[in-house]
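# Remarks on the overall topology
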Amino acid sequence: MSPTPHPELSDPLYAALRRIAFSKEPEAAHDWALGWMSKPWVASMLARRYRVSSEKTVCPAAGLAFPNRVGLAAGLDKNGDYIDALGALGFGFIEIGTVTPKAQSGNPQPRMFRLPEHNALINRLGFNNLGVDHLVKNAENRRWQGKLGINIGKNASTPLENAHSDYVHCLERVYPVADYITVNISSPNTKDLRQLQHGDALAELLEPVMNRHAQLASQHQGSKPLFVKIAPDMDDSAIEQFIQVASTYPIHGVIVSNTTSRRDLIDSHPLAAEAGGLSGEVLRDFANDRLSAVKKRLPANWTLIGAGGISSGQDAATKLVLGADLVQIYTGFIYHGPRLIQRSVEATV
Ligand SMILES: Cc1cc2nc3c(=O)[nH]c(=O)nc-3n(C[C@H](O)[C@H](O)[C@H](O)COP(=O)(O)O)c2cc1C
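One structure accompanies this document, and this report is about it. (Residues numbered from 1 in each chain as written. Predicted model: local features only at pLDDT ≥ 70, side-chain atom pairs only at ≥ 80, totals over all residues. Heavy atoms only, no water.)

### Notes on the site of the ligand
To keep it simple, the criterion reads: Each residue is tested against the molecule or strand, and it is near if at least one of its non-hydrogen atoms lies within 4 Å. Whenever two N or O atoms come within 3.5 Å, that pair is a polar contact, provided that in protein one can donate a hydrogen and the other can accept it, and provided that, for residues adjacent in sequence, both atoms are side-chain atoms. Areas reported as accessible are Shrake-Rupley estimates using a 1.4 Å probe. Residue values count occlusion only from the protein chains shown. Secondary structure elements follow DSSP: runs of H or I no shorter than four residues count as helices, runs of E no shorter than two count as strands, and numbering proceeds from the N terminus. When residues are grouped by polarity, Ala, Val, Leu, Ile, Met, Phe, Trp, Tyr, Cys and Pro land in nonpolar, Asp, Glu, Lys and Arg in charged, and all others, Gly among them, in polar.
With respect to spatial proximity, 23 residues lie near the ligand, and among them Ala 74, Lys 78, Thr 98, Gly 309 and Thr 331 are the closest. Between an oxygen atom of the ligand and a side-chain N or O atom of Lys 229, the distance comes to 2.8 Å. Computed on the free molecule, the ligand has an accessible area of 600 Å², of which 98% lies beneath the protein chains in the complex. Of all elements in the fold, only β4 (93-99), β6 (120-123) and β11 (277-280) reach the threshold of two or more residues within the shell around the ligand. When its residues are assigned to classes, the shell around the ligand shows 7 nonpolar, 14 polar and 2 charged.

Structure follows, in structure tokens:
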């Protein structure tokens, strides 16, 4: 079944490409599409077709000047292999990763599933990536001028109690090439990772990470913003506690949210029993609810980035109304293509 059409996103070229892509297995489609997009003639054709208004606006957030408020969420370009190609589509910022110190292959396939009836995906990729050194080389060689976020995580083989050493290692490697860094403690696909969002485990992670961050800031003559990305599956009291602990450290903000473990949002869908994180349109209202819950408790100097279920320009604008400074898109981009970036940028100026 094809996804529900959004009139503002009508795009015959993307509709044709999506038909081909969706005839392939999801991961094969991902590699196929990104492979084409990074051919120079395709990239320049796409850049011309999907150019986002060249009006020079600057959106300040976390001490950075973003070209616009619409970013690519982490996980689509895990290794930073496609920064220039994706940047040409009009994103104001791109978050690459999640990257881990060592390369790892992730969970066994199949591990990504489309739910087109819901404009949604379930994934349990498990931080498949080529390791931080590969990503850093790509980040160094980028030509794109937008802001680059780098999302860091831990290897599956690293015990949870040593997680901080993986995050510190990645932080050190990516610091010189990132515009901002995201500490991802909210993937449902790395065993027990989400425990790092709570209480002592959170403090034991942030203490060494923020100490090293302070040293790096003085070494490199400038502090780069550091965000923490959280799951939507946190109730008000878990959010309260998270902010209480996190705000004792000089972090710069929070990304709300990662994918959800909830399945009631897709109730009787035949793929509902697949393990992994659910993303896309069905996540929107839940992610927005959690965004508001975080906003209510947000320390005054923190930046808030809203992600989850953006499928129209209006959805992007709603996140700003709820208190986000910036927004990120992943699944909506797969279903609707680059028009969604354009419409979201226009709706959030
Ligand atoms: C296939 C897939 C892989 C993802 N991988 C990551 C990841 O490596 N790191 C991360 O922080 N978030 C990852 N995410 C979560 C997204 O960045 C985003 O937070 C979430 O999907 C909600 O946004 P969306 O509804 O626009 O997709 C992934 C999402 C998908 C669909």
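Next comes the rest of the account.
### Some words on the sheet that holds β11
The line we're drawing: Here, strands pair whenever DSSP counts at least two bridges between them. Angles here are taken between N-to-C directions and fall from 0 to 180 degrees, while the axes themselves are lines fitted to C-alpha atoms, restricted in helices to the stretch in contact.
A sheet is described by the order of its strands in space; here 3 strands give the open sequence β5-β6-β11, paired in antiparallel fashion. Each edge of the sheet is formed by a strand with only one pairing partner; in this case those strands are β5 (112-115) and β11. Within this sheet the neighbouring strands show an average axis-to-axis angle of 20°, counted without direction. In the sheet, β6 pairs with β11 via 4 bridges, with the strands oriented antiparallel.

### Here's the deal with the nonpolar core
Rules: Here, nonpolar core refers to any group of buried Ala, Val, Leu, Ile, Met, Phe, Trp, Tyr and Cys residues whose side-chain atoms link them within 4.5 Å. Three exposure classes are used, based on accessible area relative to the maximum for each residue type with a 1.4 Å probe and protein chains only: buried under 20%, partly exposed in between, and exposed over 50%. Whether two residues are in contact is decided by their heavy atoms: any pair within 4.5 Å suffices.
By size, the foremost hydrophobic cluster in this structure holds 81 residues, and its most contacted members are Leu 86, Ile 150, Ile 152, Tyr 167 and Phe 242. Top element by residues in this core is helix α7 (residues 199-219). It accounts for 7 residues. In this structure Ile 152 touches Thr 98, Val 99, Tyr 167, Cys 170, Leu 171, Val 174, Ile 181, Thr 182, Val 183 and Asn 184, once residues within four positions along its chain are discounted. Of all hydrophobic cores here, the second largest spans 10 residues; its members include Cys 59, Ala 61, Ile 255 and Ile 305.

### Examining helix α3 (residues 40-49)
Because the α-helix completes a turn every 3.6 residues, residues three or four places apart line up on one side. Heads up, the rule is: Note that the arc is defined by the directions from the helix axis to the C-beta atoms.
All of the buried residues in α3 are Val 42, Ala 43 and Leu 46. Viewed along the axis of α3, the buried residues span an arc of 100°, placing them on a single side of the element. The outward face of α3, more than 90 degrees from its buried face, is lined by the exposed residues Pro 40, Trp 41 and Arg 48. Tucked inside the fold, the buried residues of α3 contact α2 (26-37).

### With respect to unusual backbone geometry
In this structure, Thr 98 follows Gly 97 across a cis peptide bond, with omega equal to 10°. In this structure, Thr 98 sits in strand β4. Cis geometry is adopted by the peptide bond preceding Ser 257, which originates at Val 256 and carries an omega value of 15°. Along the polypeptide, Ser 257 turns up in the loop between β10 (253-256) and β11. For Asp 192, which is not glycine, the phi torsion reads 65° and is therefore positive. Its place among the elements puts Asp 192 in the loop between β8 (180-184) and α7.

### Some thoughts on helix α8 (residues 236-246)
Residues Ala 238, Ile 239, Phe 242, Ile 243, Val 245 and Ala 246 constitute the buried set of α8. For α8, the angular spread of the buried residues around the axis is 165°, confining them to a single face. Tucked into the core, α8 has its buried residues touching α7, β9 (226-230), β10 and α9 (284-297).

### A closer look at the sheet that holds β8
Strands in a sheet are paired, the pairing made by backbone hydrogen bonds, and the direction either parallel or antiparallel. Overall, parallel pairing links the 8 strands, which are arranged β3-β4-β7-β8-β9-β10-β12-β13 in a closed barrel. Adjacent strand axes in the sheet meet at a mean angle of 25°, parallel and antiparallel pairs treated alike. Bridging between strand β12 (residues 303-307) and strand β13 (residues 326-329) involves 3 bridges; their strand directions are parallel. Bridged to Ile 305 within β13 is Leu 326.

### Observations concerning the pairing of β8
With 5 of 5 residues buried, β8 lies mostly within the body of the structure. Neither face of β8 is open: one carries Tyr 180, Thr 182 and Asn 184, the other Ile 181 and Val 183, and all of them are buried. Relative to β8, strand β7 (residues 147-152) is paired through 4 bridges, and the arrangement is parallel. In the sheet register, Gly 149 faces β8, and the bridge partner there is Tyr 180.

### Details of the side chain of Glu 27
Along the chain, Glu 27 turns up in helix α2. Under the relative-accessibility criterion, Glu 27 is labelled buried at 12%. Those residues in contact with Glu 27, other than ones at most four positions away along the chain, are Gln 109, Arg 111, Met 112, Leu 125 and Asn 128.

### Comments concerning the pattern of salt bridges
The test is simple: Put simply, a salt bridge is a Lys or Arg side-chain nitrogen that is within 4 Å of an Asp or Glu carboxyl oxygen.
For the structure shown, the criterion picks out 17 salt bridges. Linking Arg 194 and Asp 233 is a salt bridge whose minimum nitrogen-to-oxygen distance equals 2.7 Å. Taken together, the positions of Arg 194 in the loop between β8 and α7 and Asp 233 in the loop between β9 and α8 put the pair 39 residues apart, joining distant regions of the chain. Note on Asp 233: relative accessible area 30%, which makes it partly exposed. Within the structure, one salt-bridge network assembled from shared partners comprises Asp 236, Glu 240, Asp 289, Arg 290 and Arg 297.

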